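# Understanding the architecture of this molecule
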Amino acid sequence: NLAESDPDFFMECDADFSMELQKLMCEPGLMLLSGPPEMGCTSLALSVALCLAKHHRKTVLYFTSDSTREAMIRRLLCMEARVDLDALWDRFLDDAGWERICAAADTIKSIPLEIYDDPLLTTEEIAQICGKHDSVGLVVIDRLQTAAHFPAEENRILAQLGTLAEREQIPVLCLNTIRGGDGKVPDMWDLRGLRPSFDVIDKVLFLHREDYFDPAAEPGKATCYVRMNRQGRGTKQIELQWLPECKVFR
């Protein structure tokens, strides 16, 4: 358990990212992170992955079937450099911005964060990749629906990932999209199609931003709701800060 093996680590990283969320996502087990489309679940997962790989040097394996490796690295660069993602894409950065990007590139190259963008990877192949590493701090599956188009298949994949997390004693984070056009905070009912998997999921987290639904709401305010936690900490909500230009959470 990362929190138990290096408690000072979280104090050092607290200024960069939520200490409470780091601890939560470093506990072995299967986690599900859900939110409406474009809410920022990928950004939140990348924010956690970057923080853990950069500060603790544990291997983070990020599997995406929703984007390309190059696009994900571009996002990581903007997160680390704190520059506007659109400005980087359009090459509109000033000299100071390019200097930060160059420094961020050196950091990204040096950390144990590996990105796989093959949408055809099976859970068995993911397990084989995990087995090649002596120490895995986090595995991210982004995103569940693009790997499985039917509820029965999604539940089968979650069962296999739950087995992987339990066997290897590693944290596995799965992202999935839910319908959420009414502005309400998500709840477990929104995952009713995955009910057969509730026995293998250790934690369920929902991401919510008021400004996603209401432009007049306080900008940058985000909340991660922990709706299920079998490891004894119960439900809670973790307040976060959303920086939309560089697509990163703090």
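Residues numbered from 1 in each chain as written. Predicted model: local features only at pLDDT ≥ 70, side-chain atom pairs only at ≥ 80, totals over all residues. Heavy atoms only, no water.

## Quick word on the overall build of the protein
Within the protein, the secondary structure is distributed over 11 helices and 9 strands. Expressed as a percentage of its 250 residues, the buried residues of the protein come to 50%. Within the protein, counting contacts between residues at least 6 apart in sequence, those at least 24 apart form 69% of the total. In the form shown here, the protein has an accessible surface area of approximately 12000 Å², with 49% of it arising from carbon and sulfur atoms. (Helix = DSSP H or I, 4+ residues; strand = E, 2+ residues; numbered from the N terminus. Buried < 20%, exposed > 50% of the residue type's maximum accessible area, 1.4 Å probe, protein only. Contact = heavy atoms within 4.5 Å. Areas by Shrake-Rupley, 256 points an atom, 1.4 Å probe, with all protein chains shown as cover.)

## Looking at the pairing of strand S5 (residues 171-177)
Within S5, 6 of the 7 residues are buried, which leaves it mostly tucked inside the rest of the structure. Sheet analysis places strand S1 (residues 29-35) next to S5, joined by 7 bridges and oriented parallel. Its bridge partner being in S5, glycine 35 is matched across the sheet by threonine 177. Alignment of strand S4 (residues 136-142) against S5, held across 3 bridges, turns out to be parallel. When the sheet's bridge partners are listed, isoleucine 141 is paired in S5 with cysteine 174. (Pairing = 2+ DSSP bridges.)

## Side note on the confidence of the model for the protein
In this model, the protein carries a mean pLDDT of 88, and residues with pLDDT of at least 70 account for 90%. When mean pLDDT is taken per element in the protein, strand S3 (residues 113-116) scores highest with 98 and helix H2 (residues 7-13) scores lowest with 42. This model gives residues 1-15 a pLDDT under 50, and the stretch forms 25 contacts once residues within four places in sequence are excluded. (pLDDT = per-residue confidence, 0-100.)

## Here's the deal with unusual backbone geometry
The omega angle of the peptide bond from aspartate 142 to arginine 143 is 20°, so this bond is cis rather than trans. The backbone phi angle of glutamate 38 is positive, close to 65°, even though this residue is not glycine. Considering the arrangement of structural elements, one finds glutamate 38 in the loop between S1 and helix H4 (41-56). Of the residues examined, glutamate 38 reaches a relative accessible area of 74% and is grouped as exposed. At arginine 82, a residue that is not glycine, the phi angle is positive and equals roughly 55°.

## Some words on the side chain of serine 43
Looking at the secondary structure, you find serine 43 in helix H4. In this structure, serine 43 is in contact with Arg75, Met79, Trp242, Lys247 and Phe249, ignoring residues within four places of it in sequence.

## Focus: the packing of helix H8 (residues 123-131) against helix H10 (residues 151-168)
At a minimum axis distance of 10 Å, the contact between H8 and H10 shows a crossing angle of 20°. As judged from the angle between their axes, H8 and H10 are roughly parallel. The interaxial crossing formed by H8 with H10 has right-handed handedness. Residues Thr123, Glu124, Ile126, Ala127 and Cys130 of H8 form the contact with H10, whose participating residues are Ile157, Gln160, Leu161, Leu164 and Arg167. Looking at side-chain class alone, the contact of H8 with H10 contains 6 nonpolar, 2 polar and 2 charged residues. (Axes fitted to C-alpha atoms, helices over the stretch in contact; angles between N-to-C directions. Parallel < 35°, antiparallel > 145°, perpendicular 65-115°, else oblique. Left-handed = near helix turned anticlockwise from the far one by under 90°. Nonpolar A, V, L, I, M, F, W, Y, C, P; charged D, E, K, R; others polar.)

## Remarks on the packing of aromatic side chains
One pass over the structure, following the stated rule, counts 3 aromatic pairs. When the ring of tyrosine 212 is compared with that of phenylalanine 213, the centres are 4.7 Å apart and the planes differ by 80°; the resulting orientation is edge-to-face. (Phe/Tyr/Trp six-rings, centres within 6.5 Å; stacked < 30°, edge-to-face > 60°.)

## Some words on the sheet that holds strand S9 (residues 248-249)
As summarised here, the arrangement of the 9 strands in space is S3-S2-S4-S5-S1-S6-S7-S8-S9, forming an open sheet in which the pairing is mixed. Both outer strands of the open sheet, S3 and S9, are each paired with one neighbouring strand and no more. Across the sheet, helix H5 (residues 69-81) is in contact with strand S2 (59-64), S3, S4 and S9; its angle to S3 comes to roughly 145°.

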